[in-house]
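# Analysis of the macromolecular model
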Amino acid sequence: GNLPNTRHVFTELNKVKMQRQHRSGGAWEILGPIDVPQGADGMTGIGRITAVSFHPTDSLTIYAGAPAGGLWVSNDAGETWTTNTDNLPNLGVSDVIVHPTNDSIMYLSSGDGSVSDTYSYGVLKSVDKGVTWDSTGLSFSMNQGVNIHDLAMDVANPNILLAATTIGIYRTLDAGQTWSQE
């Protein structure tokens, strides 16, 4: 066989080392809950978080989405949490993104994008920091069995978003009003 180019191997190894350095994300500590709660049905568990997003300029504000628990926000670095999504058609949240220069604008993808416990009814948009949510042009009926896995926003042009779904990738060029399948 042939030996690999040593310069190429060295370059790739340095890339991996640099990624590891930047991936550490600082020191983490557990905030709880420590005890696993038990429901009236005898089942135990604290649920799971499938989406975490951070405020673009306020390091104390964290958003967390749960596939069966809605979107939660902490304004004190995770010490306390509140939600405004209890009245949505279903509580599944698979992703959340915040506009990079206007924190009043947020998008969330509904449903459980990881294991499909709940199906998506589309991408929702808030223009009041997540207090209220409205449908965008990407909507599904839950009986269609579609899920959205991820959302992405073009930080150079935040009107452009992508939604990766179980039936393809959708793009909007107008902040969610209309979407086209790519």
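Here the structure is shown first, and the text comes after it.
Residues numbered from 1 in each chain as written. Predicted model: local features only at pLDDT ≥ 70, side-chain atom pairs only at ≥ 80, totals over all residues. Heavy atoms only, no water.

Attention shifts here to the overall build of the chain. Along the chain, the regular secondary structure elements total 1 helix and 12 strands. In the chain, the order of α-helices and β-strands from amino to carboxyl end is α-β-β-β-β-β-β-β-β-β-β-β-β. Sequence separation of 24 or more characterises 36% of the internal contacts of the chain that already satisfy a separation of 6 or more. Counting only carbon and sulfur atoms, one obtains 54% of the accessible surface of the chain, whose full area is about 11400 Å². (Helix = DSSP H or I, 4+ residues; strand = E, 2+ residues; numbered from the N terminus. Contact = heavy atoms within 4.5 Å. Areas by Shrake-Rupley, 256 points an atom, 1.4 Å probe, with all protein chains shown as cover.)

Moving on, we get to the sheet that holds strand β10 (residues 161–165). If you trace the 4 strands from one edge of the open sheet to the other, you get β9-β10-β11-β12, paired in antiparallel fashion. Every interior strand has two partners, whereas the edge strands, β9 (148–153) and β12 (180–181), have only one. As paired strands, β9 and β10 are joined by 5 bridges and run antiparallel to one another. Following the sheet pairing, Ala 152 is matched in β10 by Leu 162. (Pairing = 2+ DSSP bridges.)

Glancing now at the side chain of Asn 147. Mapped onto the elements, Asn 147 comes out in the loop between β8 (134–139) and β9. Take Asn 147: its relative accessible area is 0%, and that puts it in the buried class. Residues contacting Asn 147, with those up to four places away along its chain left out, are Ser 110, Gly 111, Asp 112, Gly 113, Ser 116, Thr 118, Tyr 119, Ser 120, Ala 164, Thr 165 and Thr 166. (Buried < 20%, exposed > 50% of the residue type's maximum accessible area, 1.4 Å probe, protein only.)

In terms of nonpolar packing, the biggest core is built from 15 residues, with Tyr 107, Val 123, Leu 138, Leu 151, Ala 163 and Trp 179 touching the most fellow members. Looking at which element gives the most residues to this core, the answer is β9, with 3 residues. Not counting residues up to four positions away in its chain, the partners in contact with Tyr 107 are Asp 95, Val 96, Ile 97, Val 123, Leu 124, Lys 125, Trp 133, Leu 151, Met 153, Leu 161 and Ala 175. Counting 13 residues, the second largest nonpolar core, distinct from the first, contains Ala 51, Tyr 63, Leu 124 and Trp 133. (Core = buried A, V, L, I, M, F, W, Y, C linked by side-chain atoms within 4.5 Å.)

A few words now on the pairing of strand β7 (residues 122–126). Most of β7 is tucked away, with 4 of its 5 residues classed as buried. Strand direction decides the pairing type here: β7 and β8, joined by 3 bridges, are antiparallel. If you follow Lys 125 over to β8, its bridge partner there is Asp 134.

This part covers the environment of Asp 154. As for its placement among the helices and strands, Asp 154 is situated in the loop between β9 and β10. A distance of 2.9 Å separates a polar atom in the side chain of Asp 154 from the backbone nitrogen of Ala 156. (Polar contact = N/O pair within 3.5 Å; in protein donor to acceptor, adjacent residues only side chain to side chain.)

This paragraph deals with the pattern of salt bridges. Tallied over the full model, the rule gives 3 salt bridges. Between Asp 103 and Lys 129 there is a salt bridge; the shortest N-O distance is 3.5 Å. Linking Asp 103 in the loop between β5 (93–98) and β6 (106–110) with Lys 129 in the loop between β7 and β8, this pair joins segments that are 26 residues apart in sequence. A salt bridge links Glu 182 to Arg 171; its shortest N-O distance comes to 2.7 Å. Of the two residues, Glu 182 is situated in the segment after β12 and Arg 171 in strand β11 (residues 168–172); the sequence distance between them amounts to 11 residues. (Salt bridge = Lys/Arg side-chain N within 4 Å of Asp/Glu carboxyl O.)

Don't take any of this as a statement about function, it's just geometry.
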